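For reference, the chains in residue letters:
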Amino acid sequence: MTTPVPLLWLGDDPARTRPAAWQTRLAQAHGAQVVPQHAEPVPLRGDWLVQLESVVRSMPRCRLIAQGLGCALLAAWAAYSSSCARVEAALLLGPFCPQPSDPSGRYRTWREVTPLPLPFPSCVIAQPSPHSSLAAQQQWAQQWRSHWHPATDPASQREAMQAWLHETSAQRAFL
């Protein structure tokens, strides 16, 4: 019998999403551990990167789910971390990659995300958002060399997320 691979959750900017969103509940139902971020008054990129690196280094293998701003964090982390080999797969939900010059000032600690391929298998599920167009999300998927799933409604998004969770768990059983 194989040991389940830990699932890590990189949530969105709390100012942009409801804390009890179905995505969060579904990830937690599959045992996802939240990688905490400092979000008051602004989400701090560097602090969150350190949190992610620390959690990934604490385990031999993991899977990642990122939503919105968490996708920008994941891409930034993957560009420099030597711990990427520990990641079996990643699911990115509705990527939002902020500009440091955002007029709200919420993202002043963030840098532009470099569009590098992710060093592990990944899938992007589209999520309509006023902060990130579907075209931009598809472009990120292409640049990250991620599988693109153009879900446009919550039911198809939920179905795609559940399929990914079951697929990555099933693949682990054969490793």
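Residues numbered from 1 in each chain as written. Predicted model: local features only at pLDDT ≥ 70, side-chain atom pairs only at ≥ 80, totals over all residues. Heavy atoms only, no water.

S.K.: How do you make sense of helix H2 (residues 45–57) when you look at a structure like this?
M.R.: The α-helix winds at 3.6 residues per turn, so residues separated by three or four positions along the chain end up facing the same way. End to end, H2 covers 18 Å across 13 residues, agreeing with the expected 18 Å (1.5 Å per residue, within 8%). Buried within H2 we find Arg45, Trp48, Leu49, Leu52, Glu53, Val55 and Val56. The buried residues of H2 all sit within an arc of 170 degrees when viewed along its axis, so they share a single face. (Helix = DSSP H or I, 4+ residues; strand = E, 2+ residues; numbered from the N terminus. Expected span 1.5 Å × (residues − 1). Buried < 20%, exposed > 50% of the residue type's maximum accessible area, 1.4 Å probe, protein only. Arc of directions from axis to C-beta.)

S.K.: Please explain the pattern of salt bridges as it appears in this structure.
M.R.: Oppositely charged side chains may form a pair once their charged atoms are brought near each other. Here the structure, examined in full by the defined rule, presents three salt bridges. For Arg57, the salt bridge goes to Glu53, with nearest N and O atoms at 2.5 Å. Of this pair, Arg57 and Glu53 both sit in helix H2, four residues apart, roughly one helical turn. With relative accessibility at 11%, the residue Glu53 sits in the buried group. Of the charged contacts in the structure, one is a salt bridge between Arg61 and Glu88, with a shortest N-O distance of 3.3 Å. With a gap of 27 residues between them, Arg61 in the loop between H2 and strand S3 (62–67) and Glu88 in strand S4 (residues 87–93) connect regions that are remote in the sequence. What makes Arg61 partly exposed here is its relative accessible area of 29%. Judged by its relative accessible area of 13%, Glu88 falls in the buried class. (Salt bridge = Lys/Arg side-chain N within 4 Å of Asp/Glu carboxyl O.)

S.K.: What's the story with the pairing of S4 in this structure? I'm lost.
M.R.: Moving residue by residue along a regular strand, the side chains alternate between the two faces of the sheet. Counted residue by residue, S4 has seven buried out of seven residues, so it is predominantly covered. The pairing of S3 with S4 spans six bridges and is parallel. Along S4, the bridge assignment pairs Cys62 with Val87. Between the parallel pair S3 and S4, the chain is carried across by helix H3 (residues 69–78), and the sense of this crossover is right-handed. Here four bridges tie S4 to strand S5 (residues 122–125), and the two strands are oriented parallel to one another. Bridge pairing in S5 places Leu93 opposite Ile125. (Pairing = 2+ DSSP bridges. Right-handed = clockwise from strand over helix to strand, strands pointing away.)

S.K.: What is the right way to look at the packing of aromatic side chains in this model?
M.R.: Centre distance and the angle of the planes are the two values used to describe a pair of aromatic rings. The full count for this structure, using the stated rule, is three aromatic pairs. A centroid spacing of 6.3 Å and a plane angle of 80 degrees characterise the contact between Trp48 and Trp110, whose relative ring orientation is edge-to-face. Remark: Trp110 occurs in the loop between S4 and S5 and Trp48 occurs in helix H2; sequence separation between them is 62 residues. Each member of the pair, Trp48 as well as Trp110, carries the same accessibility label: buried. (Phe/Tyr/Trp six-rings, centres within 6.5 Å; stacked < 30°, edge-to-face > 60°.)

S.K.: Got a minute to help me understand unusual backbone geometry in this structure?
M.R.: Outside of glycine, negative phi angles account for most residues, and trans bonds account for most peptide bonds. Despite not being glycine, Arg145 shows a phi value in the positive range, around 55 degrees. With respect to the element layout, Arg145 can be found in the loop between helix H4 (134–143) and strand S6 (147–149).

S.K.: Would you mind showing me how to read the nonpolar core here?
M.R.: Within soluble globular proteins, side chains that are nonpolar generally end up buried alongside one another. Ranked by size, the top nonpolar core spans 38 residues in total, and within it Leu64, Leu74, Trp77, Phe120 and Trp144 carry the most contacts. Of all the secondary structure elements, the ones that give two or more residues to this core are strand S1 (7–10), H2, S3, H3, S4 and H4. When residues in this core are grouped by element, the largest group, nine residues, is from H3. With residues up to four places along the chain from it excluded, the contact list for Leu74 reads Leu10, Leu64, Ala66, Ala90, Leu92 and Phe120. Counting residues in each nonpolar core, the second largest holds 17 residues, with Ile65, Ala89, Leu91 and Leu165 among its members. (Core = buried A, V, L, I, M, F, W, Y, C linked by side-chain atoms within 4.5 Å. Contact = heavy atoms within 4.5 Å.)

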